[in-house]
Every structure is written in structure tokens, then in C-alpha cells.
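Structural overview for review
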Amino acid sequence: MRIAVLTETHPGEARVAATPDSVKALVKAGASLTIEKGAGAKASFPDAAYEEAGARTAARATALKDAELILSVRRPDEATLAKFPKGAVLIGLLEPHDGKAFADACAKGGINALAMEYTPRITRAQAMDALSSQSNLAGYRAVIEAASIYGRAFPMMMTAAGTIAAAKAFVMGAGVAGLQAIATARRLGAIVSANDVRPAAKEQVASLGAKFVAVEDEEFKAAETAGGYAKEMSAEYKAKQAELVAAHIAKQDIVVTTALIPGRPAPRLITKAMVEAMKPGSVIIDIAASAGGNCELTKADEIVEHGGVKIAGFANLPARLAADSSQLLAKNFVNLYPLLKDEAGKLAPHWDDEIIKGMTLTRDGKVIHPSFGG
């Protein structure tokens, strides 16, 4: 199978869809890889490392020529997509929820597109779940960014000159990113609390040594989908939760928000009034900035200061750990690879497998994913 890996075109994107280690694994499985020259440079993977691992490096046009499988971190731009060979399979974080235009373009070009965002949340697919692997690093990096912006220490420090109080950190949303943020803040010595609308999160938060903060009524007890995502809560619940959070957030030094609902704008969790109730010097890291933000004042890829509180809207935190995030994403692709070939190693996606079926956005010139009426 001929695999192509291109340089990402999104501004600020430093990740790459293959690493030298993943190249070795794919070559061992019988694939041949062509990496666009410089594709891994921003993630500290030089061309020489890919060549040593068994791939060849070439210009984009050469990499795409006769490519059967194209691995991508983000969805390619229109100009690049137009150069894909008809019948090629494209796999990556294709941002399918952002309208149907990209899916239509893939269908028109005869490209069979598989969106990693649609990886089913089943046990067998965990090793292929790119959203989880990237969210894990996003949660970690969010706290590191908070520590950098916050002008004080996280842990309590007792010195001859006096005692420095530990920072208080509040994590909103205890999914993959939130749990890693909790763990990281705890490791740095902060006093951590967290909330989530999913009942199962309470035990997970407590297991990491953080305090759980939520309105635990009957609606809360049923606030989780079969796929493990948080449900959209009623206006009444949101009002009660907002009142509790407003009182809690005013006492915090660091707030990390992580709430995302697939296919919808990020829920608004922090209002301008809540920000104004926080202490000067406090920091908010809004992981949901790319989806509109959980904070009313968030601006994507900007650090906004309001009343002495800094709100950071990093839209692509995994790219700020490009080497590690690329390594995990590339491993997700390697784990998916057996479902893309036949016994002879030729391209033959297992279209009837529930994992491939769940991920398939377009096939044979048609948009087929149920999210678009397919």
C-alpha cells in the first residue's frame, strides 16, 4: 500500500501525521511511505529520520502521485484536496462538524474520507481514538500554560521569610482533557476542584484527589449519552449550576474550561460577571476556544485581560506539544491500519467493520455519514 504524509497547511499547526517510529511499524506491515519534505520539521522530526526509518521524502506532487492512503492531522485545504488521486483514502482529524462543504468536496473528488472524530467510543477502538490522545495532551498543556501566565507559584511553600499559599485551581469538565488537567495541577501542588454534568465523573475526580463541585439533582443523574458524552442540560439546571459555579469561581486562582459538545458551539460556562468577581492575577485557560469558548470573553488564539484576569484562548493546545502529540496521533493511525488492508497488504478498508463504518464520511463519490443524512 502506498501511503502519503503531507506538511500541514493550517496556520500554527506543528503536528505531523507520521513519525519515524510509526513509519517503521507501517513499513514492517508492508506499506511504502512518502513523506513530503519538511513535514515533520516543526515537530522535531527531520527528513533524515524518516528516510532512516524506511520512508522516502519528496515534494508534495511526488508524494501525492499514485498515493492510495493519505494520512493527515487536519483536513487539507481545497487546493491540496484537488490534487488527491481519485479513489484515495484520506484519514485525519477532518473537523466534520464544521459544515458539509468539506465532505461534499471529498465526494466530488472521489476521495474516501474517514474522520477520526467519528471513531466509535467502544473498547476495541480505544487505541485508535485520536480525540482522546490529543485531548489528553491538551489538558496537560493547559495547566502548563496557566502556570506560565500566572505570576505566582502553584504549591504551598514554607520558607524562613514566610509561607506562600497554594494556588486554587478549578477544572470545568472532567473528560479526558479535564482529568489530565486535574492530575497536572495536582502534581504542581495546587488545591484542585472540578465539575462535570456526568455523574460518572464524580468518582474519577475524587480518585485524582480533587473536590467535586456540582448540583447533584435528578437531571444530573441522567446527564450522559450512551456514547459517554455530556448531554445538553436544561435552562433550569444551567441556572442552578451557574449560581454554584459563580460563588466557587470567585475564590479560584486558575480556571481551566474543557466543555465541548460535538457538532455544537461550546457551552457558555463563565460570564463576564463571573470574571469580574475573580481576583486580579487569576488566569482562565479556555480549551474550548476553537468552538467559540466556554468563557464569554474568550478570543481564539489571544490572551485577553479583563479586570486583571487573563483569559487565554489557545485554539490548538496539542500543537504546542508537537512531538508528543504527533507521536500519539501517528500511533492511532498505526493501530487503525489493520482495518484498512487485506491479507496481502493491499488497500481494502473493512467497510462493514463498526469502527470503519462509524468513521466513514464519504465513500464512492457520496457523503454517507448519518450526521449529513447519509
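The paragraphs below set out a description of the structure included in this document. Owing to the predicted nature of the structure, the values given are computational and were not obtained by experimental measurement.

1. What to know about the overall build of the chain
Broken down by element type, the chain carries 13 helices and 17 strands. Across its three principal axes, the chain shows a C-alpha extent of roughly 65 × 50 × 35 Å. Per-residue burial over the chain gives 51% buried out of 374 residues. Contacts spanning at least 24 positions in sequence make up 62% of the contacts within the chain whose residues lie at least 6 apart.

2. Concerning empty space enclosed by the protein
A complete count under the given rule lists 1 cavity of 30 Å³ or more for this structure. Approximately 80 Å³ is the volume attributed to the largest cavity. When residues of the lining of the largest cavity are assigned to their parent elements, the largest contribution, 4 residues, is made by strand E4 (residues 69-74). Taken together, the residues of the lining of the largest cavity break down into 4 nonpolar, 4 polar and 5 charged.

3. So, the packing of helix H6 (residues 130-149) against helix H12 (residues 322-336)
Following both chains from N to C, one finds H6 and H12 inclined at 165 degrees, their axes separated by 9 Å at the closest point. On the basis of their axis angle, the class for H6 and H12 is roughly antiparallel. Regarding H6 and H12, the two cross each other, and that crossing is right-handed. Counted together, Ala130, Ser133, Gln134 and Leu137 of H6 and Asp324, Ser325, Leu328, Leu329 and Asn332 of H12 form the full contact between these two elements.

4. A short note on the environment of Arg363
Among the structural elements, Arg363 can be located in strand E16 (residues 362-363). Given the relative accessible area of 29%, Arg363 is considered partly exposed. When the C-alpha atoms of Arg363 and Ala259 are compared, they prove to be 32 Å apart, with 104 residues separating the residues in sequence.

5. Section: the packing of H6 against helix H7 (residues 176-187)
Direction vectors running N to C along H6 and H7 enclose 35 degrees, while the axes themselves pass 7 Å from each other. Between H6 and H7 lies a crossing of right-handed hand. On H7, the residues that touch Ser132, Ser135, Asn136, Gly139, Tyr140, Val143 and Ile144 of H6 are Val176, Ala177, Gln180, Ala181, Thr184, Ala185 and Arg187. Looking at the contact of H6 with H7, its residues break down into 7 nonpolar, 6 polar and 1 charged.

6. Some thoughts on the packing of aromatic side chains
For the structure on display, the rule yields 1 aromatic pair. Aromatic side chains Tyr150 and Phe154 sit 6.1 Å apart centroid to centroid with 75 degrees between the ring planes, which places their arrangement in the edge-to-face category. For Tyr150, a relative accessible area of 7% translates into the label buried. The exposure class assigned to Phe154 is buried, which follows from its relative accessible area of 5%.

7. Focus: the nonpolar core
By size, the foremost hydrophobic cluster in this structure holds 41 residues, and its most contacted members are Ile3, Ile35, Leu69, Leu71, Ile91 and Leu336. Every element with two or more residues in this core is listed here: strand E1 (2-5), helix H1 (20-28), strand E2 (32-36), helix H2 (47-53), E4, strand E5 (89-93), H12 and helix H13 (354-359). Per-element tally for this core: the top contributor is H12, with 5 residues. Discounting chain neighbours no more than four positions away, the residues touching Ile91 are Leu69, Ile70, Leu71, Ser72, Leu114, Met116, Phe333, Leu336, Leu340 and Met359. Formed by 36 residues, the second largest nonpolar core is a distinct cluster that contains Ala142, Tyr150, Ala174 and Phe220.

8. What to know about the pattern of salt bridges
The final tally for this structure, using the stated rule, is 13 salt bridges. Note that Glu145 and Arg141 form a salt bridge whose closest N and O atoms lie 2.8 Å from each other. Taken together, the residues Glu145 and Arg141, both in helix H6 and 4 residues apart, mark about one turn of the helix. Each member of the pair, Glu145 together with Arg141, is buried. For Arg198, the salt bridge is made with Asp196, and the minimal N-O distance between the two is 3.1 Å. The burial state of Arg198 is the same as that of Asp196; both residues are buried.

So, how was this worked out
Residues numbered from 1 in each chain as written. Predicted model: local features only at pLDDT ≥ 70, side-chain atom pairs only at ≥ 80, totals over all residues. Heavy atoms only, no water. Helix = DSSP H or I, 4+ residues; strand = E, 2+ residues; numbered from the N terminus. Buried < 20%, exposed > 50% of the residue type's maximum accessible area, 1.4 Å probe, protein only. Contact = heavy atoms within 4.5 Å. 1 Å grid on protein atoms, 1.4 Å probe; cavity = no way out; pocket = protein on both sides within 12 Å on 5 of 7 lines; lining within 4 Å. Points joined across faces, edges and corners; volume = space filled by probe spheres on them. Nonpolar A, V, L, I, M, F, W, Y, C, P; charged D, E, K, R; others polar. Axes fitted to C-alpha atoms, helices over the stretch in contact; angles between N-to-C directions. Parallel < 35°, antiparallel > 145°, perpendicular 65-115°, else oblique. Left-handed = near helix turned anticlockwise from the far one by under 90°. Phe/Tyr/Trp six-rings, centres within 6.5 Å; stacked < 30°, edge-to-face > 60°. Core = buried A, V, L, I, M, F, W, Y, C linked by side-chain atoms within 4.5 Å. Salt bridge = Lys/Arg side-chain N within 4 Å of Asp/Glu carboxyl O.

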